[in-house]
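What the coordinates show
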Amino acid sequence: MTNNYGVHKQWRLFTGSYNTASEEAIEVLLFDDEQGTIERLGGGGGIEQPSFLTADSKGRILFAVSEVDDGEVSSFKVAADGRGLELISKQPTGGAAPCHLLLDESERWLLLVNYSGGTIVAYPVQEDGAIGPAVQTIRHEGESVNKDRQEGPHPHSIFLEPHSGHWFVPDLGTDHIYVYQLNKEDGQLGLLSKTAAQPGSGPRHAAFHPDGTVVYIINELNSSVSVYAYDPATGALHHLQTIDTLPVATSQESYCADIHVDGDGRFLYASNRGHDSITVFAIGEQGKLSLSGHAPGGGRTPRNFALLPGGRHLLVANQDSDNIVAMRIGEDGIPVPNGNVYQTVRPVCIYPVAVVE
């Protein structure tokens, strides 16, 4: 869900990682928007490979997947000062490698995807943040042309389009984008549309134009972004454009990961693992993209990044160089490292929540 608007002086950053349960694999950091600095507040352990996180709108309850063969999802109470996490509940995900999750706008339902399990799972959330047993599991079917990576369904994320209230699930394994509608009374998802992507592209994550009529899908396997016109009444998608994220001359092996659109709808950002960069696109008429440039990510394997509302800063989690790099965004939309780097173990997710004074 979209949980922050406008410019804030400070952000609490919840960071997930591929660290072990014996360590504080989840950290809580503080980012100062004026100074561009990152400092550690605290963290929590007891969870294996908490690769992706989400939180309620006030940042009081944190949810995390455990991306292992016997997948789990956990909820934590965040200390008032942000310096600790207290485990509230755990539930099995019923599948392997859960890799993405999100709360609905009512904060009564938690939705996640199991990458290797090929499923979407819905859970009720109690007022105290406890996760109840799953109320629905949907399994995708199919495969695609890349026999090493697309031998079966691999839903890679689940995102809420805020205008329509529809849920987007890019499936890397089947090369399709699924659009669902959530019944907020019983937590059941109903399929609205299913759109075929380019064979072998591997849809991974989604981002949305602020006007609610254009959807952007980042394709992991062929390093591209696809642009779709979106009908919020029906959930239908119409392909407008696919554009490469890598420089034309590069032959380097690279795989896309994350994607974000700024709040003004001027720029789109995409991360490249291997090329280790952030690609910047200008957004033009009909939401179509044109290349603005490539910015070094400040480390190896920029798996996830956070584009802070207000458009001033971008924070990059570099998995294989064990750091989070703070970057300031110029008027041209290009992010440049501001000199602040936070060292941490295998970071793969940054989830920001505004600190309200």
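All of the points below concern the structure found in this document. (Residues numbered from 1 in each chain as written. Predicted model: local features only at pLDDT ≥ 70, side-chain atom pairs only at ≥ 80, totals over all residues. Heavy atoms only, no water.)

**Regarding the side chain of S17**
Structurally, the position occupied by S17 is in strand β1 (residues 10–17). There is a polar contact of 2.8 Å between the side chain of S17 and the backbone oxygen of A25. Among residues more than four places away in sequence, those in contact with S17 are A25, Q49, P50, S51, V345, R346, P347 and V348. (Helix = DSSP H or I, 4+ residues; strand = E, 2+ residues; numbered from the N terminus. Polar contact = N/O pair within 3.5 Å; in protein donor to acceptor, adjacent residues only side chain to side chain. Contact = heavy atoms within 4.5 Å.)

**Considerations on the nonpolar core**
In this structure, F14, I26, L62, F63, L101 and L110 are the most contacted members of the largest nonpolar core, which totals 29 residues. At the level of elements, β2 (26–32), β4 (53–55), β5 (61–66), β6 (72–78), β8 (98–103), β9 (109–114), β10 (119–124) and β28 (347–354) are the ones that each hand at least two residues to this core. When residues in this core are grouped by element, the largest group, five residues, is from β5. Apart from residues lying up to four places away in sequence, F63 is in contact with F52, L53, T54, A55, S74, S75, L101, L103, L110, V125, G129 and I131. Counting 20 residues, the second largest nonpolar core, distinct from the first, contains A97, L102, L111 and I158. (Core = buried A, V, L, I, M, F, W, Y, C linked by side-chain atoms within 4.5 Å. Buried < 20%, exposed > 50% of the residue type's maximum accessible area, 1.4 Å probe, protein only.)

**Overview of the sheet that holds strand β14 (residues 176–183)**
Reading across the sheet, the four strands line up as β12-β13-β14-β15 and stay open at both edges, with antiparallel pairing between neighbours. Two strands in the sheet have a free side with no partner beyond their single neighbour: β12 (159–161) and β15 (188–196). Here the strands of the sheet are splayed against their neighbours by 30° on average, with no regard to which way each runs. By the bridge criterion, eight bridges tie β14 to β15 in an arrangement that is antiparallel. Across the sheet, residue V179 finds its bridge partner in β15, namely S193. (Pairing = 2+ DSSP bridges. Axes fitted to C-alpha atoms, helices over the stretch in contact; angles between N-to-C directions.)

**Observations concerning the pattern of salt bridges**
Inspection of the entire model under this criterion finds 11 salt bridges. Of the charged contacts, one joins R139 and E141 as a salt bridge, the two residues approaching to 3.8 Å between their closest N and O atoms. With a relative accessible area of 56%, E141 lands in the exposed category. In this structure, E220 engages R149 in a salt bridge whose closest nitrogen and oxygen atoms are separated by 3.0 Å. One end of the pair, E220, is in the loop between β17 (214–219) and β18 (224–231); the other, R149, is in the loop between β11 (136–139) and β12, with 71 residues separating them in the sequence. R149 gets classed as partly exposed once you look at its relative accessible area, which sits at 26%. Salt bridges sharing partners connect three or more residues here, namely R149, R204, E220 and R273. (Salt bridge = Lys/Arg side-chain N within 4 Å of Asp/Glu carboxyl O.)

**Some remarks on the pairing of β6**
For β6, the tally of buried residues reaches five of seven residues, placing the bulk of the element in the interior. In this sheet, β6 lies alongside β5 in antiparallel orientation, the contact comprising six bridges. Residue pairing across strands places L62 opposite F76, the latter belonging to β6. Turn length for the β5-β6 hairpin, with the two strands adjacent in sequence and antiparallel, is five residues. The sheet contact formed by β6 and strand β7 (residues 85–92) spans seven bridges and is antiparallel.

**Considering the pairing of strand β21 (residues 267–273)**
In terms of burial, β21 is a largely internal element, seven of the seven residues being buried. Every second residue of β21 is oriented toward a common face, with F267, Y269, S271 and R273 on one face and L268, A270 and N272 on the other, all of them buried. Pairing geometry for strand β20 (residues 255–261) and β21, over five bridges, is antiparallel. Note on β21: the bridge partner recorded for C256 is N272. A loop of five residues connects β20 with β21, the two strands running antiparallel in sequence, and G265 in this loop sits at a positive phi of about 70°. Alignment of β21 against strand β22 (residues 277–283), held across six bridges, turns out to be antiparallel. In the sheet register, L268 faces β22, and the bridge partner there is F281. In this antiparallel pair of consecutive strands, β21 and β22, the connection spans three residues, and G274 shows a positive phi of 120°.

**Overview of the sheet that holds strand β19 (residues 236–244)**
Taken in spatial order, the four strands make up an open sheet running β16-β17-β18-β19, and their pairing is antiparallel. Looking at strand neighbours, the two that pair on one side only are β16 (203–208) and β19, the edges of this open sheet. Ignoring which end each strand starts from, the neighbouring axes of this sheet average 25° apart. Here β18 pairs with β19 via eight bridges, running antiparallel. Paired with A229 across the strands is H238, a residue of β19.

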